[in-house]
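Chains, contacts and geometry: an overview
The primary structure of each chain is shown beneath.
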Amino acid sequence: MKTNERIYVRSYDSPCGCLKLGSYGDSLCLCNWLHEKHPGRVDRRLQRLLEAEYAEECTAVTDEAARQLDAYFLGQRTWFDVPLLFAGTEFQRRVWRCLAAIPYGQTVSYVELARAVGCPQSVRAVANANGANAISVFAPCHRVIGSGGALAGYGGGVEAKRFLLELERSVAASGV
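A short tour of the structure in this document, coming up. (Residues numbered from 1 in each chain as written. Predicted model: local features only at pLDDT ≥ 70, side-chain atom pairs only at ≥ 80, totals over all residues. Heavy atoms only, no water.)

**Thoughts on the nonpolar core**
Counting 52 residues, the largest nonpolar core has L69, L113 and F138 as its most contacted members. Of all the elements, helix α2 (residues 60–73) adds the most residues to this core, at 6 residues. In this structure, L69 is in contact with Y12, L19, L21, C31, F80, V137 and F138, ignoring residues within four places of it in sequence. (Core = buried A, V, L, I, M, F, W, Y, C linked by side-chain atoms within 4.5 Å. Buried < 20%, exposed > 50% of the residue type's maximum accessible area, 1.4 Å probe, protein only. Helix = DSSP H or I, 4+ residues; strand = E, 2+ residues; numbered from the N terminus. Contact = heavy atoms within 4.5 Å.)

**Thoughts on the packing of helix α3 (residues 90–100) against helix α4 (residues 110–117)**
Between α3 and α4, whose axes approach to 10 Å, the crossing angle comes to 115°. The angle between α3 and α4 falls in the class roughly perpendicular. Relative to α4, α3 is oriented so that their crossing is right-handed. For the pair α3 and α4, contact is made by F91, R94, V95, C98 and L99 and by L113, A116 and V117, respectively. In terms of residue class, the contact of α3 with α4 is built from 7 nonpolar, no polar and 1 charged. (Axes fitted to C-alpha atoms, helices over the stretch in contact; angles between N-to-C directions. Parallel < 35°, antiparallel > 145°, perpendicular 65-115°, else oblique. Left-handed = near helix turned anticlockwise from the far one by under 90°. Nonpolar A, V, L, I, M, F, W, Y, C, P; charged D, E, K, R; others polar.)

**Here we look at the sheet that holds strand β3 (residues 27–33)**
Overall, mixed pairing links the 4 strands, which are arranged β3-β2-β1-β4 in an open sheet. Two strands close off the open sheet at either side, each with one partner strand: β3 and β4 (53–56). Across this sheet, the average inter-strand angle for adjacent strands is 35°, counted without regard to direction. Here 6 bridges tie strand β2 (residues 17–24) to β3, and the two strands are oriented antiparallel to one another. When the bridges of β3 are listed, S23 appears paired with L28. (Pairing = 2+ DSSP bridges.)

Geometry only, nothing functional implied.
Next comes the structure, spelled out in structure tokens:
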């Protein structure tokens, strides 16, 4: 890749696994699990789409994302306001924007997400776009579950998904 563009990345240790945070320009473009289901797939796709290479460096964006994650994991924050950059197809971006609209502490099924995207017959395509989300937690793909409440696959693993959902349910039940 011949480019001078950079995605500045840093690690973030969460209570349910280590995340890689990345900024491009003034936006967060990456919040992905270091130990993920398909290692390197999100990284390669993001670098290709943004025509940029990774460089290890903290930025104001990744530092703010880390601060907001700290508050989230302490149960003190139920929303994020870091600017997000979704790198993908128009269809993927539409799915990811719908993810960001799922209320804290709530879940939707893949079928419900497909309806929200306006493609009720495209459940599999919506599920694939959900799985390609590079900004986990901020675009809360963990809030999407299988039919009947099954904790279907998650890039960070089912235990991380369970942790996030239980944290949100606990905080939402406490009325914070």
